[in-house]
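Descriptive structure summary
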Amino acid sequence: MDKFDKLTGIAAPMPLVNVDTDMIIPKQFLKTIKRSGLGVNLFDEMRYDRQGNEIADFVLNQTQYREAEILVAGENFGCGSSREHAPWAIKDFGIRCVIAPSFADIFYNNCFKNGILPITLPQEQVDVLMKDAEKGSNARMTVELEAQTVTTSDGETLSFEVDSFKKHCLLQGLDDIGLTMEKAGAIDSFEKSAAAERPWV
């Protein structure tokens, strides 16, 4: 998993509430078990018409937000089903950080497991970031996980809270497999000891 430390990038404003995982990645794209290739279908039903043409006024289709790495969203982002394809699609598009007043719990936890930093801030602070994001590609935000801060293009700094264990995992680029592999030496030692003590097993 990619490490997350400091990110400076374009933030896309999406002031919608209750964006569910089917809106993030519709069910017809859940056949794959690969984490790559889903970015093109991120927000598919909002990005494209029935003929597959881009809908011009959708935020991620606008020139200034095509390279967005931060998404500023409304409350209860990621609600609905628990599909892990949702953070896969967000990450594959290139977004590494989502900021919202609240998240659905499963989506929130899945983000950390896939190298995405979800930041929860009070609505009034999200409003500040939303307004900053609306400035377009000339306004770049900076997110620093170690310092737990978000800095607007105007230099205003906001602090956020994050679980210390989840923070450690993101900083080190550790998913569940990576965490297990950190204990590889102890696991090998246990297996050798267990085999010697119980050779009949």
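See above for the structure.
Since the model is a prediction, treat every value here as computed from it, not as a measurement.

Reading the values: rules and limits
- Residue numbers here run from 1 along each chain, matching the order of that chain's written sequence.
- Two thresholds apply to this predicted model, a pLDDT of at least 70 for residue-level local features and 80 or more for giving and counting side-chain atom pairs, whereas whole-chain, interface and lining totals are computed over all residues.
- Side-chain numbers here rest on the full set of heavy atoms in the structure, without hydrogens or water.
- Three labels apply to residues, based on accessible area from a 1.4 Å probe with only protein chains included: buried if under 20% of the type maximum, exposed if over 50%, partly exposed otherwise in between.
- Secondary structure elements are taken from DSSP: a helix is a run of H or I of four residues or more, a strand is a run of E of two residues or more, and numbering for both begins at the N terminus.
- DSSP calls a pair of strands paired once it identifies at least 2 bridges connecting them.
- For salt bridges, the criterion is a side-chain nitrogen of Lys or Arg within 4 Å of an Asp or Glu carboxyl oxygen.
- Stacked, edge-to-face and tilted labels apply to pairs of Phe, Tyr and Trp rings (six-membered ring for Trp) whose centres lie within 6.5 Å, assigned for plane angles under 30 degrees, over 60, and everything in between, in that order.
- When the NZ atom of lysine or the CZ atom of arginine is within 6 Å of a ring's centre and also within 35 degrees of its normal, the charge is said to sit over that ring.

**Comments concerning the pairing of strand 2 (residues 70-73)**
- Because side chains alternate across strand 2, one face comprises the buried residues Ile 70 and Val 72, and the other comprises Leu 71 and Ala 73, equally buried.
- Pairing between strand 1 (residues 6-14) and strand 2: four bridges, direction parallel. For Met 14, the partnering residue across the bridge sits in strand 2 and is Ala 73.

**Re the pattern of salt bridges**
- Using the criterion set out here, one finds seven salt bridges in the structure.
- Notably, a salt bridge pairs Asp 22 with Arg 83, separated by 3.0 Å at the nearest N-O pair. Here Arg 83 lies in the loop between strand 2 and helix 3 (85-93) and Asp 22 lies in helix 1 (residues 21-24), a separation of 61 residues in the sequence.
- Residue Glu 146 pairs with Lys 167 through a salt bridge whose shortest N-O separation is 3.8 Å. Residue Glu 146 is located in the loop between strand 5 (140-144) and strand 6 (149-151), and its partner Lys 167 is located in helix 6 (residues 164-172); the two are separated by 21 residues in the primary sequence.
- The exposure class assigned to Lys 167 is buried, which follows from its relative accessible area of 12%.
- Sharing partners across several salt bridges, the network here consists of Asp 132, Lys 135 and Asp 154.

**Description of the pairing of strand 1**
- With respect to burial, strand 1 is a largely interior element, seven of its nine residues being buried.
- Taken together, the five bridges between strand 1 and strand 5 define a ladder with antiparallel strand orientation. Opposite Leu 7, over in strand 5, you have Val 143 as the bridge partner.

**Brief notes about the packing of aromatic side chains**
- The full count for this structure, using the stated rule, is six aromatic pairs.
- Measuring from ring centre to ring centre gives 5.9 Å for Phe 43 and Phe 58, while their planes differ by 55 degrees; the resulting arrangement is tilted. With a gap of 15 residues between them, Phe 43 in the loop between helix 1 and helix 2 (44-47) and Phe 58 in the loop between helix 2 and strand 2 connect regions that are remote in the sequence. Note on accessibility: Phe 43 and Phe 58 belong to one class, buried.
- On the numbers, 6.3 Å between centres and 80 degrees between planes, the contact of Phe 77 with Phe 103 is edge-to-face. Here the residue Phe 77 occupies a position in the loop between strand 2 and helix 3, and Phe 103 occupies one in the loop between strand 3 (97-100) and helix 4 (105-113), the gap between them amounting to 26 residues. Taken as a pair, Phe 77 and Phe 103 share a single burial class, namely buried.
- Ring-pair connections join several aromatic residues into one group, and the members of that group are Phe 77, Phe 103, Phe 107, Tyr 108 and Phe 112.
- One residue, Lys 166, lies across the ring of Phe 112, its end atom 5.9 Å from the ring centre.

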